[in-house]
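Summary of structural features
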Amino acid sequence: ILSIPAFSLYLLTRDPRVIFRLSQFGCRLGFKVGGVRVEVRGLEKLDPSQPYVFAANHASNLDPPLLFVFLQRDVGFLAKKEIFRLPVFYPGLYWMESTPIDRAHRELAIAGLHAAARLIRRGRSYIAFPEGTRSRDGRLLPFKKGTFHLAREAGVPIVPVTICGTHELMPRSPFCARPGEVIITVHSPLTTSDTSSFSLDTLVKSTRSSIESALPFAGPALTSSPENI
């Protein structure tokens, strides 16, 4: 409902803050009406003037809007291109400087990462889910390295983020949510200044370890999705 006035105001003003503020308000309202209670820990670890790449676990459709609201900054998304085909999301995601990733074509995926890196260097923080898809049981899937290449190219820290509770409130199936509590833990930023291959692998492991440290369970997912390619 709010997308209509938000898009109309943006076309009049060309100010992306219109999209951010109305979208964030709509998400907050949806959480309140749906009985989703949110506790955020660790925001004090972030520099308000520093752009970051936020890398979070992904177990529910609630995850993106929760981070969009409760990280308390205007963020773009690194997301699979299929999301951008949805009519309500298509214009808003582009106007918020989000970037589609074509996972079926390596060259196009790399081009998408380069485009996102340019936006980050201009000051836009990004949210990414390195698992590439939602976990079916809440456990971490293997991480793809695109998120980490992006942060390294942009020259900004990666911030691991753990989201607890969304899998119980809204799993992959059925498509409905129930009331309950979510805890978002923001971990200390990890530097990406070392460009060696070994350092990239270490960065992936450190990010995963930080995210797992605030999960109620650890270890690989019991099942994986065919989307996770």
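The structure this text deals with has already been given above.
All chains use their own residue numbering, which begins from 1 and follows the written sequence. Only residues with pLDDT of at least 70 get local features here, since the model is predicted, and only at 80 or more are side-chain atom pairs given and counted; chain-wide, interface and lining totals rely on the full set of residues. As a rule here, side-chain values cover all heavy atoms of the structure and leave hydrogens and water aside.

Moving on, we get to the environment of Leu150. Only DSSP runs of H or I covering at least 4 residues are called helices, and only runs of E covering at least 2 are called strands; the numbering of each starts at the N terminus. Mapped onto the secondary structure, Leu150 falls in helix H6 (residues 146–154). The spatial distance from the C-alpha of Leu150 to the C-alpha of Leu113 is 5.8 Å, given a sequence separation of 37 residues. Note on definitions: a residue-residue contact is assigned when non-hydrogen atoms from the two residues lie within 4.5 Å. Setting aside its immediate chain neighbours within four residues, Leu150 contacts Val53, Leu78, Leu113, Ala116, Ala117 and Ile120.

Another aspect to go through is the packing of aromatic side chains. Geometry of aromatic contacts follows a simple scheme: Phe, Tyr and Trp rings, the Trp one being its six-membered ring, pair when their centres are within 6.5 Å, and the pair is stacked under 30 degrees between planes, edge-to-face over 60, tilted otherwise. Per the stated rule, a full pass over the model turns up eight aromatic pairs. Ring centres of Phe7 and Trp95 lie 5.3 Å apart, and the angle between their planes is 90°; on these two criteria the pair is classed as edge-to-face. With a gap of 88 residues between them, Phe7 in helix H1 (residues 3–13) and Trp95 in helix H4 (residues 89–95) connect regions that are remote in the sequence. Only protein chains enter the calculation, and the probe is 1.4 Å; a residue is then buried if its accessible area is under 20% of its type maximum, exposed if over 50%, and partly exposed in between. Since its relative accessible area comes to 18%, Phe7 is described here as buried. Owing to a relative accessible area of 22%, Trp95 belongs among the partly exposed residues under this scheme. Grouping aromatic residues by their ring pairs yields a cluster made of Phe7, Tyr10 and Trp95.

Before going further, it helps to examine the pattern of salt bridges. One side-chain nitrogen of Lys or Arg within 4 Å of one carboxyl oxygen of Asp or Glu is enough to make a salt bridge. Considering all chains together, one arrives at eight salt bridges under this definition. The salt bridge involving Arg17 is made with Asp15; its shortest N-O contact spans 2.9 Å. Of the charged contacts, one joins Glu39 and Arg41 as a salt bridge, the two residues approaching to 2.9 Å between their closest N and O atoms. For Glu39, a relative accessible area of 31% puts it in the partly exposed group.

Below, the discussion takes up helix H5 (residues 106–121). Relative to the 22 Å expected for 16 residues at 1.5 Å per residue, H5 spans 23 Å between its end C-alpha atoms, a close match to the ideal helical length. Of the surrounding elements, those touching the buried residues of H5 are strand E2 (53–56), strand E3 (75–80), strand E4 (99–101), strand E5 (125–128) and H6. A positive phi of about 120° marks Gly123, the residue just after H5. To estimate the expected span of a helix, count its residues, drop one, and scale the result by 1.5 Å.

So, about the pairing of E5. Because side chains alternate across E5, one face comprises the buried residues Ser125 and Ile127, and the other comprises Tyr126 and Ala128, equally buried. Pairing between strands is defined by DSSP: at least two bridges between the two strands are required. Where E2 meets E5, three bridges bridge the pair, whose relative direction is parallel. Of the residues in E5, the one forming a bridge with Phe54 is Ile127. Sheet topology places E3 next to E5; three bridges connect them, and they run parallel. Note that in E5 the partner of Gly76 across the bridge is Tyr126.

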